[in-house]
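Breakdown of the fold
What follows is each chain in one-letter form.
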Amino acid sequence: MSEKQLNDIDLTGYEQIEVLGAREHNLKNIDVNIPRNKLVVITGISGSGKSSLAFDTIYAEGQRRYMESFSSYARSFIGDMERPDVDKINGLSPVISIEQKTTSKNPRSTVGTTTEIYDFLRLLFARASEAFSYISGDKMVKQTQDQIIDQILQQFEGQKITLLAPLVKGRKGHYRELFVQIAKLGYNKVRVDGEILEINPKMQLDRYKIHDIEVVIDRIVPKSEDRYRLNQSVSTALKQGKGSMMLLDTKDKTQYFSQNLTDPKSGISYEDPSPNSFSFNSPYGACPTCNGLGTIEEITEDSIIPDKTLSISRGGIAPLGEYRDLWIFKQIEIILKSFKSNISTPIDKLPPEALKTILYGSEDPVAVPSKKYPGTEWNTTFEGVITFLKRQQDSDNDKIQEWVRDFLVIKTCPDCGGLRLKKESLHFKIDNKNIAQLAEMDIREIGEWFENLESRISDRQNTIAREILKEIRKRIGFLLGIGLDYLTLNRPLRTLSGGESQRIRLATQIGTQLVGVLYIMDEPSIGLHQRDNVKLIQALKDLRDLGNTVLVVEHDKDMMLESDYILDIGPGAGRHGGSIVGKGTPEEFLVNRSTTSDYLSGRSNIEIPKERRKGNGKALIIKGATGHNLKNVTLKLPLGKMLSITGVSGSGKSSLIHETLFPILNRHFYNSKREPLPYKAVEGLEFIDKVIEVDQSPIGRTPRSNPATYTGMFSDIRTLFAELPEAKIRGYKPGRFSFNVKGGRCEDCEGAGMKKIEMEFLPDVHVACETCKGKRFNRETLEVRFKGKSIADILDMTVEQALEFFEFQPKIFRKVQTLFDVGLGYITLGQHATTLSGGEAQRVKLAEELSKKDTGKTLYILDEPTTGLHFQDIQKLLEVLQKLADKGNSVLIIEHNLDVIKVSDHIIDLGPEGGNKGGQIIAEGTPEQVSKVKGSYTGFFLKEELK
């Protein structure tokens with residue numbers, strides 16, 4: 001047998017993964033053969049059944065078989081996994097799924113901790129760093145007892161010196177017991193706050209003052225011939241001082257010696273470092289002020305007084321609201337009277353001292369006249385509004401905590417400056433860099449810093465660091481290889497897009513060097529510029545070349561053409577899909593006729609408009625944006641057009657739009673408290689009247705949320721059911737048809753339709769409710785029917801079916817139509833929000849906004865709306881967005897997809913690179929103009945597309 005044939009068969013004895021009779025969700029009892037050790041792309045129209053085959057059938061079966069390999073005892077804790085609806089799968093390897101939904105929301109998870117680079121850095125700094133004093137900046141010294149004696153003899157031979165052992169440093173207390181203990185040990189003198197005193201009976205200090213206490217061990221004139229006496233005294237001093245001692249010379253100058261890391265000038269000492277000393281997740285390394293988060297939540301004057309031109313009576317102090325006959329307002333009136341002011345004076349006109357008393361309180365009593373006993377007064381102290389709010393932060397009442405949270409502002413920690421670590425940890429350095437400085441570098445910079453590091457550190461450090469450096473460089477290499485060179489190690493994982501977090505896990509998997517594994521991925525190209533796509537495809541090929549099968553659910557043209565095998569599922573979405581409509585190598589696939597192959601081969605394409613919109617001549621301008629990596633950017637958005645914001649990953653698109661533009665507009669229109677990134681000025685706000693951001697965050701985090709409830713359609717459906725004769729006879733109101741309130745819902749599952757089974761070591765599992773069989777409602781409610789359908793049947797309808805069913809209910813029909821228009825005809829009205837992909841959730845939000853009346857002056861902001869969309873669905877989505885722009889609205893899209901970019905009226909391209917080398921606008925204008933700009937990666941790829 002040839003070597004090629006041996007490679008094809010591999011160790012399992014199977015050439016292919018054979019899936020027989022797959023019927024999960026909408027799959028039509030299909031048989032599929034997937035070649036092993038190849039890069040295989042599963043594609044097809046959105047909702048056609050790609051994920052049902054890849055994740056719900058192949059991955060689910062692989063996971064189930066892994067669970068079955070456990071002992072029955074272990075399985076009793078885990079529970080059995082449900083078998084997917086498939087007859088048989090042969091040739092299945094161990095399966096690893098790399099999805100997008102598993103991004104951690106924990107603020108402590110960072111790029112560095114996930115890739116393990118930061119863990120290796122902690123080890124490197126614990127073993128090979130040098131310590132410096134945070135007071136003098138000098139290098140910390142660690143001496144043996146012999147070295148201390150040699151130094152004393154060298155410096156003080158023949159001079160009278162006093163040896164001291166430090167016991168207390170900078171602490172309050174009377175220390176009566178300590179002095180008794182010292183006397184019992186046979187010592188009769190101590191140095192207290194720089195003064196040597198005899199210990200006397202009942203000796204004690206002022207308990208409220210800060211003290212330094214050292215015990216006098218010996219007074220000696222050191223001589224080389226009497227080294228033994230000096231050795232005994234030094235040994236005793238180090239023992240009593242727990243590794244540290246002090247020396248007092250004839251001029252009363254103090255010098256410090258220590259077996260620990262010590263600063264000889266100031267006497268401060270550090271504990272020996274361990275990897276935990278550099279962890280912001282450990283009390284040994286975390287900054288005590290912010291507990292290692294780098295930020296603190298604070299109640300500030302600005303957060304509780306948003307408008308200083310208002311008076312207190314008109315609600316100038318937000319937590320108090322407008323004037324009411326309450327005790328607190330009576331107190332404030334008396335306080336202001338003492339400052340010759342009143343409650344109707346605008347806050348910015350109040351005396352500063354009066355405002356300070358109202359916000360932070362005062363010890364002086366406030367005499368409030370009593371209503372109950374006229375002629376008498378209540379004397380109380382006023383604690384202050386901010387002081388009161390801070391006290392309520394620890395309240396047991398969730399509602400009070402939520403109320404206080406409205407007035408909290410997130411600020412950089414004043415002690416660590418956002419670096420998350422203790423000041424001692426930040427003064428351990430390698431090549432003049434501390435660990436936090438390395439964590440602030442992007443992957444490209446840190447890769448350059450590690451180059452030739454061996455030549456910049458000592459031989460001892462080299463010996464220790466050799467293996468650690470090998471591991472760090474390997475991981476940095478993987479991240480560079482998949483185009484994530486612009487991320488910093490301290491970037492929180494929750495701020496990454498789904499595609500970025502997926503590629504980080506991909507880099508980790510490549511690092512494990514496993515062989516014979518089946519990897520299943522969900523659109524890894526999301527959020528990637530065409531330039532970086534090449535790197536991603538190469539990374540997947542590397543994973544395949546190790547001897548693994550790589551199965552990718554993908555719509556990207558380049559990925560399909562570079563794959564070994566394509567599987568196309570269709571022909572339509574939902575019940576119209578679930579069949580194999582094309583398969584084969586890219587060459588074979590292009591010849592077969594299917595919707596996907598038509599777009600791939602160029603037989604079908606998304607047309608470029610004959611002319612671009614001119615807009616309404618007005619513009620929204622942001623000047624001097626400098627947040628994150630933005631370099632004093634001035635953004636000019638011509639209104640009344642379809643606009644695309646483009647640029648390589650990490651070039652500053654999100655910083656400019658999501659974190660600068662949107663918070664500015666949100667604050668202007670809706671008084672949002674979210675602070676935008678720094679900018680100098682904004683112009684043109686009067687030309688738009690509302691802003692709508694449609695992002696990819698879930699429409700709900702529980703199975704209770706669904707497209708029908710989110711779009712408001714379900715309220716109309718419930719009203720419709722309550723108007724039916726049957727419902728009126730029974731006295732049912734709209735609430736009867738809600739699964740969120742008592743009455744009509746199934747009480748066993750409380751209207752969820754499923755029950756949550758808590759798992760000890762695994763994610764919670766949801767199973768259908770046995771009482772209502774997943775229908776959510778009780779029997780009586782389900783007896784009320786409209787056109788033969790119960791309320792549960794309506795929730796089980798697809799959008800496409802509902803379009804026909806509600807044809808003569810205009811209010812409901814309009815909302816169903818918008819869901820259909822954005823390409824979601826295949827989802828059910830009651831589909832659990834937790835099962836929707838990021839792209840689907842985004843399109844549900846878009847449909848909800850489209851169902852509202854637009855004003856013609858609205859600015860829509862969309863973040864990669866093509867996520868999870870097939871070429872045909874992109875065409876549908878573009879038709880909807882074009883309609884919005886045709887009505888005079890402005891549509892702003894952050895996008896990498898060239899089909900969207902080429903049909904835009906105006907492009908703003910950021911770059912030239914990602915991270916620190918980005919943050920500038922390098923091209924703007926029509927697609928034709930941008931395609932001619934040298935140095936623009938978007939322009940380079942656009943030129944090919946416009947041909």
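What this report covers is the structure whose coordinates are included nearby. (Residues numbered from 1 in each chain as written. Predicted model: local features only at pLDDT ≥ 70, side-chain atom pairs only at ≥ 80, totals over all residues. Heavy atoms only, no water.)

**Considering helix α15 (residues 443–450)**
- Summarising burial for α15: six of the eight residues are buried, a large majority.
- Looking at α15, one finds that the buried residues are I443, R444, I446, G447, W449 and F450.
- Structurally, the start of α15 carries an N-cap: the backbone nitrogen of R444 is 3.1 Å from a side-chain oxygen of D442.
- A positive backbone phi angle near 55 degrees is found at N452, which sits one or two residues after α15. (Buried < 20%, exposed > 50% of the residue type's maximum accessible area, 1.4 Å probe, protein only. Helix = DSSP H or I, 4+ residues; strand = E, 2+ residues; numbered from the N terminus. Polar contact = N/O pair within 3.5 Å; in protein donor to acceptor, adjacent residues only side chain to side chain.)

**A look at the pattern of salt bridges**
- By the definition in use, this model includes 50 salt bridges.
- Between K189 and E198 there is a salt bridge, with the nearest N and O atoms lying 3.9 Å from each other.
- A relative accessible area of 23% means that K189 is categorised as partly exposed.
- What emerges from the salt-bridge pattern is a single network uniting E726, R730, R779, E780 and E783. (Salt bridge = Lys/Arg side-chain N within 4 Å of Asp/Glu carboxyl O.)

**Re the packing of aromatic side chains**
- The tally for this structure, following the rule as stated, stands at 19 aromatic pairs.
- Summarising the aromatic geometry, the rings of Y118 and F280 are spaced 5.3 Å apart at their centres and angled 40 degrees between planes, so their arrangement reads as tilted. Taken as a pair, Y118 in helix α5 (residues 117–128) and F280 in the loop between β14 (269–270) and β15 (295–299) lie far apart in primary sequence, 162 residues in all. Just as Y118 is buried, F280 falls in that class too.
- Taken together through their ring pairs, the aromatic side chains of F721, Y732, F737, F786, F805 and F806 make up a single cluster.
- Between the NZ or CZ atom of R531 and the centre of the ring of Y937, over which it lies, the distance is 4.5 Å.
- A cation over an aromatic ring shows up here: K876 above the ring of F820, its NZ or CZ 5.9 Å from the ring centre. (Phe/Tyr/Trp six-rings, centres within 6.5 Å; stacked < 30°, edge-to-face > 60°. Lys NZ or Arg CZ within 6 Å of the ring centre and 35° of its normal.)

**What to know about the pairing of strand β11 (residues 244–248)**
- Within β11, five of the five residues are buried, leaving the element largely enclosed by the surrounding structure.
- On β11, burial covers both faces: S244, M246 and L248 on one face and M245 and L247 on the other are all buried.
- As defined by bridge partners, strand β7 (residues 161–172) adjoins β11 across three bridges and the pair is classed as antiparallel. Bridge pairing in β11 links T162 to L248.
- Taken together, the five bridges between β11 and strand β12 (residues 254–258) define a ladder with antiparallel strand orientation. Paired with M246 across the strands is Y256, a residue of β12.
- What sits between β11 and β12 in their antiparallel hairpin is a turn of five residues, with D252 showing a positive phi close to 65 degrees. (Pairing = 2+ DSSP bridges.)

**Examining the sheet that holds β7**
- The antiparallel open sheet is built from six strands, whose spatial order is β9-β8-β10-β7-β11-β12. The open sheet has two edge strands, β9 (195–198) and β12, and neither has a second partner. Strand-to-strand, the axes of this sheet are offset by a mean angle of 35 degrees, without reference to chain direction.
- When strand β8 (residues 189–192) meets β9, the two strands line up antiparallel, connected through four bridges. If you follow V190 over to β9, its bridge partner there is L197.
- Running over the sheet, helix α8 (residues 227–240) touches β7, β10 (210–220) and β11 and is turned about 160 degrees from β10. (Axes fitted to C-alpha atoms, helices over the stretch in contact; angles between N-to-C directions. Contact = heavy atoms within 4.5 Å.)

**What about the packing of helix α12 (residues 385–392) against helix α13 (residues 398–405)?**
- Orientation of α12 relative to α13, taken along the N-to-C sense of each, is 135 degrees, at an axis distance of 9 Å. As the angle between them shows, α12 and α13 are arranged oblique. When the axes of α12 and α13 are compared, the crossing they make is left-handed. Residues F388, L389 and Q392 of α12 form the contact with α13, whose participating residues are I400, Q401, W403 and V404. (Parallel < 35°, antiparallel > 145°, perpendicular 65-115°, else oblique. Left-handed = near helix turned anticlockwise from the far one by under 90°.)

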